[in-house]
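What follows is each chain in one-letter form.
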Amino acid sequence: MINIGPLSYNNLLNNSEIISEIIQYKVNVLNGKTLFETSAKLNENLRPKDIFQSKIYSNFDGSGTSFFRNNSLYKAVSEAVERWAFYDSSEGDEYLKLKFDVNPSTCGMASYPELFPYWSRKNAAYEAVERYAIHAFNRKKIPVVELQSNIVGLKVYKLITTIKDMETILISYFNGSFYTYGFSCKKTQEESIDHALIELARNERVLKKLYLSSFDILDMEISDRRLIFFSTVEGYQSFLQKIETAPSKVQEIPKLILSREIKGPWTK
C-alpha cells in the first residue's frame, strides 16, 4: 500500500471549506491494545440538511483507528471524503447508476489516498461482503461457526459465505452490565477479529455514556434503538436464537452488481 496521505491531505487539512473539525483520542480494546482514534467532520455546506442525526454516536462524517496517530487521521479524512461522495452522488442522475436504489448508504464504499485504486476497491469489497453477511445471518441464510475466544465474556463467530479470501467475523461481549457487538470482514480471521474488537469498543463506549444518562428510546432513530435493544438480556437472547437456528449450509449466493470508481470534486 502506497499511502500518499501526507502529500494529498496536507492542503485538505488546512482547508476549512472541506474539513471543518477534527478530534483525536486514545481507545483501549479487549485484546489489551491501545490505539489512536480520529473523527473528522465535513464543512456544513457539503452535508445534507436532512442528514440522519444519531442521539448516541457523534455525528462526524469519518472515523479512523490505528496504532499510529497520523494513520488514524488519514483514515478518518478518507471516510469523510467517502461520505462527501455519497452525499453528492446519492441524488440525481447518479442515484440509479450507482445502485443507491438497492442500498442508499455507504455500505460497500471506501476511499483512501493512494497512487492506484487497489486498496480502496479492496476495502469497498470487504465492507460490501461484511454487510451482506450480517443481513444474510439475520435472514438465516448462512451458517455460523463459533470460534475459540481467550477473553472472558467475549464470543467469536464466523459467518460462512461462498466468497473466497473474505473472512467475516461477528463478536459479542458481556461486560457485566450490558451486551455489545462488533463485526468485520478482512482477508484473515485474525484481521477481522482485531477490526471487530475496535468496533465493539466504540459501541461499548457510547452505551456506557448512554446508560449513565437519562434517555427516551422512543425519541431515537431505528439504528440507535437497535443498538440499545441488543444490549439488553432480551436482545441478547434474540441474538442467540439466530445463532442457534442458523442453517447448516449456505442458502444463497450473492452476486456482484457494481464495482466502479465514483468521480467528482473529491477525486483530486
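Structure: above.
Residues numbered from 1 in each chain as written. Predicted model: local features only at pLDDT ≥ 70, side-chain atom pairs only at ≥ 80, totals over all residues. Heavy atoms only, no water.

*Asks:* Outline the pattern of salt bridges, listing residues and values.
*Replies:* With the rule as written, the count across this model stands at 11 salt bridges. Note that E37 and R205 form a salt bridge whose closest N and O atoms lie 3.0 Å from each other. One end of the pair, E37, is in strand 2 (residues 34-42); the other, R205, is in helix 6 (residues 189-211), and 168 residues separate them in sequence. Note on R205: relative accessible area 33%, which makes it partly exposed. The shortest N-O distance in the salt bridge between K158 and E167 comes to 3.1 Å. E167 shares its class with K158; the two are buried. What you see here is one network of salt bridges that share partners, running through E37, R202 and R205. (Salt bridge = Lys/Arg side-chain N within 4 Å of Asp/Glu carboxyl O. Helix = DSSP H or I, 4+ residues; strand = E, 2+ residues; numbered from the N terminus. Buried < 20%, exposed > 50% of the residue type's maximum accessible area, 1.4 Å probe, protein only.)

*Asks:* Explain the side chain of E199 to me, using residue names and the numbers behind them.
*Replies:* Topologically, E199 is positioned in helix 6. R131 provides the closest opposite charge to the buried, salt-bridge-free E199, at an N-O distance of 5.8 Å. Setting aside its immediate chain neighbours within four residues, E199 contacts Y181, G182 and F183. (Lys, Arg positive; Asp, Glu negative; His and termini not counted. Contact = heavy atoms within 4.5 Å.)

*Asks:* Give a description of the packing of aromatic side chains that names residues and reports values.
*Replies:* One pass over the structure, following the stated rule, counts 14 aromatic pairs. Ring geometry for Y118 versus W119: centroids 5.3 Å apart, planes at 90°, classification edge-to-face. A relative accessible area of 27% means that W119 is categorised as partly exposed. With a centroid separation of 5.3 Å and 40° between ring planes, the pair formed by F178 and Y211 is classed as tilted. Note that F178 is positioned in the loop between strand 6 (167-174) and strand 7 (179-186) and Y211 in helix 6, a separation of 33 residues in sequence. The buried category is assigned to F178, whose relative accessible area is 5%. Judged by its relative accessible area of 34%, Y211 is partly exposed. In this structure an aromatic cluster arises from ring pairing among F137, Y157, F174, Y179, Y181, F229, F230, Y236 and F239. The ring of F60 carries the charged tip of K41 above its face, separated from the ring centre by 4.9 Å. (Phe/Tyr/Trp six-rings, centres within 6.5 Å; stacked < 30°, edge-to-face > 60°. Lys NZ or Arg CZ within 6 Å of the ring centre and 35° of its normal.)

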